[in-house]
Amino acid sequence: MTATADLYDERGDELQSLALQLESLGGKPRFEGRIRTIRCFEDNGLVKQVLNSPGTGEVLVIDGGSSLQSALMGDLIGAAAVENGWHGVVIFGAVRDRAALGMLPIGVKALGSNPRKSAKTGDGELDSVLTVGSVVFRPGAGIWCDEDGILVER
Ligand SMILES: O=C([O-])CC(=O)C(=O)O
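Residues numbered from 1 in each chain as written. Predicted model: local features only at pLDDT ≥ 70, side-chain atom pairs only at ≥ 80, totals over all residues.

Draft legend 1. Representation of the overall build of the protein chain in the model. Helices and strands together make up the secondary structure of the protein chain, namely four helices and 12 strands. Here the C-alpha atoms of the protein chain give a radius of gyration of 14 Å, agreeing with the 15 Å that 2.2 N^0.38 yields for 154 residues. Within the protein chain, contacts between residues separated by at least 24 positions form 75% of all contacts whose residues are at least 6 apart in sequence. (Helix = DSSP H or I, 4+ residues; strand = E, 2+ residues; numbered from the N terminus. Rg over C-alpha atoms; globule rule 2.2 N^0.38 Å. Contact = placed C-beta atoms within 7 Å.)

Draft legend 2. Structural view of the nonpolar core. Formed by 39 residues in total, the largest nonpolar core has its most connected members in V47, L60, I62, V89, I91 and V95. Element by element, the count of residues in this core is highest for strand 6 (residues 88-95), at six residues. Among residues more than four places away in sequence, those in contact with L60 are R36, I38, V50, L51, G55, W86 and V89. (Core = buried A, V, L, I, M, F, W, Y, C linked by C-beta atoms within 7 Å. Buried ≥ 20, exposed ≤ 12 C-beta atoms within 10 Å, placed from the backbone.)

Draft legend 3. Layout of the pairing of strand 4 (residues 58-63). Burial of strand 4 is extensive: six of the six residues sit out of reach of the surface. Side-chain alternation along strand 4 places E58, L60 and I62 on one buried face and V59, V61 and D63 on a second face that is also buried. With six bridges joining them, strand 3 (residues 31-39) and strand 4 adopt parallel strand pairing. Of the residues in strand 4, the one forming a bridge with R39 is D63. The parallel pair strand 3 and strand 4 is bridged by helix 2 (residues 45-51), and the resulting crossover is right-handed. (Pairing = 2+ DSSP bridges. Right-handed = clockwise from strand over helix to strand, strands pointing away.)

Draft legend 4. Region of interest: the site of the ligand. Every residue near the ligand is listed here: N44, A71, M73, G74, D75, L76, I77, R96, D97, K117 and S118. Among the elements of the structure, strand 5 (71-73) and helix 3 (75-83) are those that each provide at least two residues to the shell around the ligand. Among the elements that take part in the shell around the ligand, helix 3 stands out by supplying three residues, more than any other. (Near = placed C-beta within 6 Å.)

Draft legend 5. Region of the structure containing helix 3. For helix 3, the complete set of buried residues consists of I77, G78 and A81. The arc enclosing the buried residues of helix 3, seen along the axis, measures out at 105°, which places them on a common side. In the core, the buried residues of helix 3 are packed alongside helix 2, strand 5, strand 6, helix 4 (98-101) and strand 7 (107-113). Phi turns positive one or two residues past the end of helix 3, at G85, with a value near 80°. (Arc of directions from axis to C-beta.)

Draft legend 6. Local environment of unusual backbone geometry. Non-glycine residue S66 carries a positive phi angle of around 60°. Secondary-structure assignment places S66 in the loop between strand 4 and strand 5. The phi torsion at D97 lies on the positive side, around 60°, for a residue other than glycine. Relative to the assigned elements, D97 resides in the loop between strand 6 and helix 4. Residue D97 is classed as buried on the basis of its C-beta count, with 20 C-beta atoms lying within 10 Å.

Draft legend 7. Focus on the pairing of strand 6. Burial analysis of strand 6 places eight of its eight residues in the buried class, the great majority of the element. Alignment of strand 4 against strand 6, held across five bridges, turns out to be parallel. Directly across from D63, in strand 6, lies its bridge partner F92. When strand 5 meets strand 6, the two strands line up parallel, connected through two bridges. Among the inter-strand pairings, M73 is bridged to a residue of strand 6, identified as V95. Relative to strand 7, strand 6 runs parallel, the two being bridged by six bridges. Note that in strand 7 the partner of I91 across the bridge is A110.

See below:
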């Protein structure tokens, strides 16, 4: 994968760059793909459902309202995402099972972690346009993540 810094030098303002600092918590610090999105709040029913379905080459971006009160993904959902071909998950919220997630061959970026689980009613919105940290995440747009940060197609 091209480094995000080189990609930015090539494409410049065609790309949005996320200034918000997320932690890299998956086994793959570098990942890219097409965006799918979920908006939810302290409820990961929809996240569980989507990552248990085919996501070949895609990156799920989750706007969890930046809540760190409960985890939106752990090692079981992470393993399901690997099985289903997802390239990565970017979470504006928390995960749990940090140590296990770090061993999985998938990209995970998140604000942090909390061992407390989320509700599972399935409340939330699938594939809407998200705006987080001044970056617009459109379903189908390209996203590139590495140690330097996150770039998203406009
Ligand atoms: O089920 C959950 O809420 C998340 C979790 O712990 C896992 O994915 O292992």
